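An overview of the molecular structure
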Amino acid sequence: MADIRLEGVGHSYDGGRTWALKPLTWTWRDGRAYALLGPSGCGKTTLLNIISGLLSPTVGRIWFGEREVTSVPTAGRNIAQVFQFPVLYEEMSVYDNLAFPLRNRRYPKAEVDQRVRTVSRLLGLDDQLGRRSRRLDPGRQQIVSLGRGLVRPEVAAVLLDEPLTVIDPALKWTLRSKLKEIHRDTGHTLVYVTHDQTEALTFADEVVVLKDGEIVQSGTPAELFLSPAHEFVGHFIGSPGMNVLPAETADGLVMVGEAVVGRAVGELPPGPVNVGVRPEFVRITAHDPPGLQARITGVDRMGAYHLVHAEAGGHELVAKVDADSAYSPGTTAFFHFADAAFLFRDEVRCGSIAPLEGRREA
Ligand SMILES: Nc1ncnc2c1ncn2[C@@H]1O[C@H](COP(=O)(O)OP(=O)(O)OP(=O)(O)O)[C@@H](O)[C@H]1O
């Protein structure tokens, strides 16, 4: 197959007043498993429907390899799409539903049978093949829809729009790993839309984060966690999300209120910035500044770790610490941000924070 390239593609549903998808240039690389992650209304479905041809973009051009498909209808794009709710022929058997996309394209009978049985085995449908689809519960029907999307070996891409919404939570995990297995087997390009970070991070080679119709960052799950390029990525990925504290930079130092929390790394003119640091990278000491002095407001004991909540200068922050640590609400402590702490201006990352070598006081 081939890469799918979007060139200045954008969409407005109201004649250009607002953009559901702001014009963007982006390549979906052949054979990769992508998660398209973002909150409700950020433009995920719009983007997916533009790739499949269900929606014609207001601006821009779409290429499948060297072939421009901007005005090619869905049927001519060779895309498989799986929606949030089951789409199947209710009067047909499960076997016939799975076979339909192959028979429709005149695959030889033996290959139809072999593909149907492979997909059915992977999705746990073997004992359902003879049943009429109408008789299945909605979760099973959705698994059949998933199978219909995955059964064809030669597709430009498989697009999945929140396909596990109606599936029982206990089954979701199994199905996600089956999807990965099928992906390895077929080498399809997969684009999997979700607003659930766990789903995105466990499924994808690459996660593309969409916000207000714009891609704000893409990368491996580890990159998004360790190196957020946008405040939104820091909030949306991770549990709890990244701490964000207003700060100033002056003379190469980063100040949160009166406290110097580190050295600014990056070409930063003085002025307001936000410090972003994940709870996992906040260290707490009882004394020994530099660090931000904060009052501990609560401790959540989560079993494997504790979440220490604190307040400094009217701002809340959280640290994720070992379960054997003992911090008490009402006491004060120093919170340090020297590891994996970043600076953001206008929500976009503009620098990072380094430790103050040799400096002992705030
Ligand atoms: N047919 C339509 N007509 C007008 N506006 C629309 C239409 N479809 C979507 N929108 C608007 O475009 C924006 C993006 O919607 P879209 O469905 O692409 O987002 P999404 O991220 O898929 O959301 P969800 O997760 O809720 O499905 C939203 O503001 C939505 O209200």
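First, a word on what this report is: a plain description of the structure on this page. (Residues numbered from 1 in each chain as written. Predicted model: local features only at pLDDT ≥ 70, side-chain atom pairs only at ≥ 80, totals over all residues. Heavy atoms only, no water.)

With that out of the way, let us pick up the site of the ligand. Around the ligand, the structure places Y13, A20, P39, S40, G41, C42, G43, K44, T45, T46 and E162. In the environment of the ligand, an oxygen atom lies 3.1 Å from a nitrogen or oxygen atom belonging to the backbone of G43. Contacts to the ligand include K44, whose side-chain N or O atom sits 2.9 Å from an oxygen atom. For the ligand, whose accessible area on its own is 630 Å², the fraction buried by protein is 53%. Taken together, the residues of the shell around the ligand sort by class into 4 nonpolar, 5 polar and 2 charged. (Near = heavy atom within 4 Å. Polar contact = N/O pair within 3.5 Å; in protein donor to acceptor, adjacent residues only side chain to side chain. Areas by Shrake-Rupley, 256 points an atom, 1.4 Å probe, with all protein chains shown as cover. Nonpolar A, V, L, I, M, F, W, Y, C, P; charged D, E, K, R; others polar.)

In spatial order, the strands read β2-β1-β4-β5; together these 4 strands make up an open sheet with antiparallel pairing. Strands with a single pairing partner mark the edges of an open sheet, and in this sheet they are β2 (21-28) and β5 (67-68). Where strand β1 (residues 4-11) meets β2, 5 bridges bridge the pair, whose relative direction is antiparallel. Within β2, the residue paired with R5 across the bridge is T27. Most of the contacts of helix α1 (residues 44-52) go to β1, to which it runs at about 125 degrees, and overall it touches β1, β2 and β4 (59-64). (Pairing = 2+ DSSP bridges. Helix = DSSP H or I, 4+ residues; strand = E, 2+ residues; numbered from the N terminus. Contact = heavy atoms within 4.5 Å. Axes fitted to C-alpha atoms, helices over the stretch in contact; angles between N-to-C directions.)

Those residues of helix α2 (residues 94-104) that sit buried are V94, Y95, N97, L98, A99, P101 and L102. Lining the buried residues of α2 we find α3 (109-122) and α4 (138-150). Of the residues flanking the end of α2, it is R106, one or two places downstream, whose phi is positive at about 60 degrees. (Buried < 20%, exposed > 50% of the residue type's maximum accessible area, 1.4 Å probe, protein only.)

Their axes nearest at 7 Å, the elements α2 and α4 cross at an angle of 30 degrees. When the interaxial angle is binned, α2 and α4 end up roughly parallel. Crossing handedness for the pair α2 and α4: right-handed. Judged by residue contacts, V94, N97, L98, F100 and P101 of α2 engage V144, G147 and R148 from α4. (Parallel < 35°, antiparallel > 145°, perpendicular 65-115°, else oblique. Left-handed = near helix turned anticlockwise from the far one by under 90°.)

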